[in-house]
Amino acid sequence: MKLIPDKPFTYGDEDGDFYIQQVRRTKPFGRTNHDHPTYEIYYLAAGERVHFLDRRTVRLTAGDLVLVNKHVVHNSSDLGPPEHERIVVNFSDAFLGADHPLHDPVLLAPFARQAAVLRLSAQERAFAEQLFAKMVAEAAHERTGREVYLRLLLAELLLLAARHPAEEPKDVAAAQSPLQRKIAEVVAHVNACYETKLTLAELAGRFFVSPYYLSRSFKAVTGFTLIEYVNLTRIREARRLLRETDLKIIAVAERTGFESAGHFDRVFKKLTGATPLLYRKLNRL
């Protein structure tokens, strides 16, 4: 399928059972911070990108395959020239999860690390690109058995990932600057202490930097403002509590660090599109 620059091919809904998007970009582009209830597979076919993945910043080059687990906060931004081509696939548990006949635990094993970066060999890359091309072609035409074939192709891709050595690209760790390591420490602290009162001043003092420096550096490294990341982390835990427990809404707000039920309700609705009560009704396990 021929791509038109800056005109994505898209099939499905990112938060639905199956979604695929392929795009070749020529202009600056950054995906804002987000997470979703689906698994994500990201393949960089050309160019370079910077991703914030599960508490760390990762440099991606052409041929890298990224697997992001459900509800893991991530984003992407330019690294040097903006030109790049990428393919993203999202899928739900219902599409290929434990309740599906094609399911095998090995297929979801690559997601156990929350966010894994695989640097594919030339042979693996050719095979993966062939699978992605078949997915795009199948998604573009409404034919008998389309969903069945998409599941088969997805299973092949996941099996490729599961067989790949579980190691980070060698240059990822080397690319971590002292600033990136410092911000990683801040991120780890937020993830561990989201239920406490977290202010810019308190965090700046804890990590021996000025509030201005922390604010500017956190945004530069992660793509999030500090308050955005704190809220995303709190809401991610709140969603889990709403799905898995019978705690009252106000108790969920308190357990996730919100000072009032009203503030919790406003932030929750802004980030999820639903009130906490409606989210619970639609997502109870």
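Model, not experiment: these values are computed from the prediction.

(A) Spotlight on the pattern of salt bridges. Applying the stated criterion across every chain, the model contains 10 salt bridges. Here aspartate 93 makes a salt bridge to lysine 70, at a shortest N to O gap of 2.6 Å. Of this pair, aspartate 93 sits in helix H1 (residues 93-96) while lysine 70 sits in the loop between strand S7 (64-68) and strand S8 (74-78), and the two are 23 residues apart along the sequence. Here glutamate 147 makes a salt bridge to arginine 151, at a shortest N to O gap of 2.8 Å. Of this pair, glutamate 147 and arginine 151 both sit in helix H4 (residues 146-163), four residues apart, which is roughly one turn of that helix. The class for glutamate 147 is partly exposed, based on a relative accessible area of 45%. Among the residues examined, arginine 151 registers a relative accessible area of 13% and is labelled buried. Through salt bridges with shared partners, one network takes in Glu237, Arg240 and Glu244.

(B) Structural view of the packing of aromatic side chains. Counting across every chain of the model gives 13 aromatic pairs. Centroid distance phenylalanine 224 to tyrosine 229: 5.6 Å. Interplanar angle 70°. Geometry classified as edge-to-face. What makes tyrosine 229 buried here is its relative accessible area of 2%. Relative to phenylalanine 264, the ring of phenylalanine 258 lies with its centre 5.2 Å away and its plane at 50°, an arrangement referred to as tilted. In this structure an aromatic cluster arises from ring pairing among Phe52, Phe218, Phe224 and Tyr229.

Rules used throughout
- Residues numbered from 1 in each chain as written.
- Predicted model: local features only at pLDDT ≥ 70, side-chain atom pairs only at ≥ 80, totals over all residues.
- Heavy atoms only, no water.
- Salt bridge = Lys/Arg side-chain N within 4 Å of Asp/Glu carboxyl O.
- Helix = DSSP H or I, 4+ residues; strand = E, 2+ residues; numbered from the N terminus.
- Buried < 20%, exposed > 50% of the residue type's maximum accessible area, 1.4 Å probe, protein only.
- Phe/Tyr/Trp six-rings, centres within 6.5 Å; stacked < 30°, edge-to-face > 60°.

Shape descriptors only; they carry no functional weight alone.
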